[in-house]
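# A closer look at the structure
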Amino acid sequence: MVNIIPLKEEWLPQMCELWNQELGGHFPMREQLMRQNSFQDENVYLEGSKLAIDENGRLLGFVIAKTWQEGRRGMRLGDGGGWIQAILVRSEARGQGIGSRLLEQAEEALRDAGAELTYIGRDPWHYIPGIPKELPDAKVWFERRGYEVLYEAFDLVNQTPDSTRQKYSDGAYARLLEEKDKNEMLRFFERCFPGRWFYEAQCYWDRGGKGREFVGLFMEDEMIGFCRVNDEQSPMIAQNTYWAPLFDSPLGGIGPLGVDNRFRGKGYGLAIVKDGVAELTSRGIDNLVIDWTGLVDFYAKLGFTVWKRYDLAKKTFK
């Protein structure tokens with residue numbers, strides 16, 4: 001007898017334990033991270049987020065669905081769709097249709113909420129950008145249920161980073177942001193990167209950011225580029241430091257990065273990443289990760305290599 005019940009935060013320790021039992025070797029979960037991404041994100045869609053419990057009250061599996069619910073001015077992520085942030089069933093309980101039931105209920109709830117499609121991962125406060133290559137059976141499972149693989153994305157790693165600081169042409173210069181830079185930084189993102197990166201920049205300040213996670217590129221007083229740098233002292237667990245428990249020493253995260261298109265073609269993009277790397281190495285961090293990118297060749301110039309691979313996937317509702 002399997003009961004499907006609503007997601008409740010009181011189950012977080014059991015969910016985290018189940019996650020680590022099934023996935024911890026590849027994606028070690030922390031309760032702090034699960035609370036941040038699966039309970040504190042207001043885009044979690046409770047109508048589609050469920051727990052599977054046996055007759056003895058044991059957690060057998062769960063699904064977490066999201067749809068855009070934030071009231072941020074002029075902003076909507078997800079292309080009119082929803083997200084399956086996570087779906088997991090205990091190994092010994094598989095083959096009984098539990099995963100299919102959880103997924104069907106999540107999809108039905110998202111469809112009823114007006115979603116025209118759904119993605120695997122890549123949600124606001126996501127864990128993964130797609131189906132991990134480390135879980136080949138998962139790709140087959142989702143494809144059988146109507147999901148289409150779009151393209152690959154990668155996490156990259158560098159364990160021998162260069163600490164050289166950069167010089168810039170034409171009067172440009174780079175420095176860590178401070179709290180006084182908040183308004184200029186948000187103006188930059190709204191102008192140059194008005195989608196997900198602007199959203200994440202707002203969330204950064206909302207969650208207590210002070211500026212130290214961004215190397216800003218400036219021309220006089222105008223911000224014209226950036227590279228984000230994350231470490232264990234950041235105000236939230238950032239995407240490129242999610243899997244820090246896999247490393248024996250502190251992990252730093254590089255990215256995203258971007259340059260105002262008015263100033264491209266001058267080598268600023270590569271230089272600002274180099275400065276981001278140098279900033280983290282100055283903090284004593286030798287393990288660096290870049291998450292969710294397709295720019296493998298670009299980052300290879302800085303010594304980054306492929307670490308994890310994902311198949312980005314979606315399902316269009318008919």
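Description of the structure in this document. Keep in mind that this is a model prediction, so the values were computed, not measured.

For the rest of this paragraph, the subject is the overall build of the protein. Within the protein, the secondary structure is distributed over eight helices and 13 strands. Taking 2.2 N^0.38 as the reference for a compact globule, 318 residues should give roughly 20 Å; the C-alpha atoms of the protein span a radius of gyration of 20 Å, in line with that estimate. Each of the three principal axes of the protein carries a C-alpha extent, and together these read 70 × 40 × 35 Å. Taking all 318 residues of the protein together, 56% fall into the buried category. Taking contacts inside the protein between residues at least 6 apart in sequence as the whole, the part at least 24 apart equals 76%. Here the protein has roughly 14,300 Å² of accessible surface; of this, 45% comes from carbon and sulfur atoms.

Attention now goes to the nonpolar core. Nonpolar side chains tend to gather and get buried jointly when the protein is soluble and globular. Of all hydrophobic cores here, the largest spans 27 residues; its most connected members are Met15, Trp19, Met34, Phe62 and Trp243. Those elements that place two or more of their residues in this core are α1 (12–23), α2 (31–38), β2 (50–54), β3 (59–67) and β4 (82–89). When near neighbours in sequence (up to four residues on either side) are disregarded, methionine 34 contacts Leu12, Met15, Cys16, Trp19, Met29, Phe39, Phe62 and Tyr127. Core analysis: the next-biggest nonpolar cluster, separate from the first, contains 26 residues, Val215, Ile224, Tyr268 and Ile290 among them.

Turning our attention to helix α5 (residues 182–192). Buried residues of α5: Glu184, Met185, Leu186, Phe188, Phe189 and Cys192, and no others. For α5, the elements touching its buried residues are α6 (196–206), β9 (214–219), β10 (222–230) and β11 (251–259).

Okay, the pattern of salt bridges next. On inspection of all chains with the given rule, the structure shows 27 salt bridges. Arginine 212 serves as the salt-bridge partner of glutamate 213, at 2.7 Å between the closest nitrogen and oxygen. Counted as one network, the salt bridges with shared partners bring together Arg165, Arg212, Glu213, Asp231, Glu279 and Arg283.

So, about the packing of aromatic side chains. The tally for this structure, following the rule as stated, stands at 25 aromatic pairs. With a centroid separation of 5.7 Å and an interplanar angle of 70°, the aromatic rings of tyrosine 242 and tryptophan 243 are classed as edge-to-face. We note that tyrosine 242, like tryptophan 243, is buried. Here a set of aromatic residues connected by ring pairs shows up, and it is made of Phe188, Phe189, Phe193, Trp197, Tyr204, Trp205, Phe214 and Phe226. The ring of phenylalanine 27 is capped by lysine 308, whose NZ or CZ atom sits 4.5 Å from the centre of that ring. Against the face of tryptophan 307 rests lysine 308, its NZ or CZ located 4.8 Å from the ring centre.

Here we take up the state of the cysteines. All chains considered together, the criterion is met by zero disulfides. Here cysteine 192 is not disulfide-linked; the sulfur of cysteine 227 is the nearest cysteine sulfur, at 16 Å.

Between glycine 255 and the following residue, proline 256, the backbone shows a cis peptide bond with an omega angle of 5°. Mapped onto the secondary structure, proline 256 falls in strand β11. Although it is not a glycine, aspartate 79 adopts a positive phi angle of roughly 55°. Here aspartate 79 shows up in the loop between β3 and β4. When its relative accessible area of 60% is taken as the criterion, aspartate 79 is described as exposed. Phi is positive for tryptophan 292, which is not a glycine, with a value near 45°. Along the chain, tryptophan 292 turns up in strand β12 (residues 287–293).

Parameters at a glance
Here, residues in each chain are numbered from 1, in the same order as that chain's written sequence. Since the coordinates come from a predicted model, pLDDT governs what is reported: local features require at least 70, and pairs of side-chain atoms require 80 or more to be given and counted, while whole-chain, interface and lining totals use all residues. Excluding hydrogens and water, the side-chain values take into account all heavy atoms of the structure. Segments assigned H or I by DSSP are reported as helices when at least four residues long, segments assigned E as strands when at least two residues long, and all are numbered from the N terminus. Just to be clear, the radius of gyration here is over C-alpha atoms, and the globule rule we use is 2.2 Å times residues to the power 0.38. With a 1.4 Å probe rolled over the protein chains alone, any residue whose accessible area is under 20% of its type maximum counts as buried; one over 50% counts as exposed, and the rest are partly exposed. In this description, contact between two residues means that some pair of their heavy atoms is separated by no more than 4.5 Å. Per-residue and other accessible areas follow the Shrake-Rupley method at a 1.4 Å probe size, with only the shown protein chains counted as cover for residues. Here, the term nonpolar core denotes a set of buried Ala, Val, Leu, Ile, Met, Phe, Trp, Tyr and Cys residues that are joined through side-chain atoms within 4.5 Å. In what follows, salt bridge is the name for a side-chain nitrogen of Lys or Arg lying within 4 Å of a carboxyl oxygen of Asp or Glu. Two rings from Phe, Tyr or Trp (for Trp, the six-membered ring) form a pair when their centres are within 6.5 Å of each other. A pair whose planes differ by under 30 degrees is stacked, one over 60 is edge-to-face, and the rest are tilted. Here, a charge over a ring is recorded when the distance from Lys NZ or Arg CZ to the ring centre is within 6 Å and its angle to the ring normal is within 35 degrees. Throughout, a disulfide means two cysteine sulfur atoms within 2.5 Å of one another.

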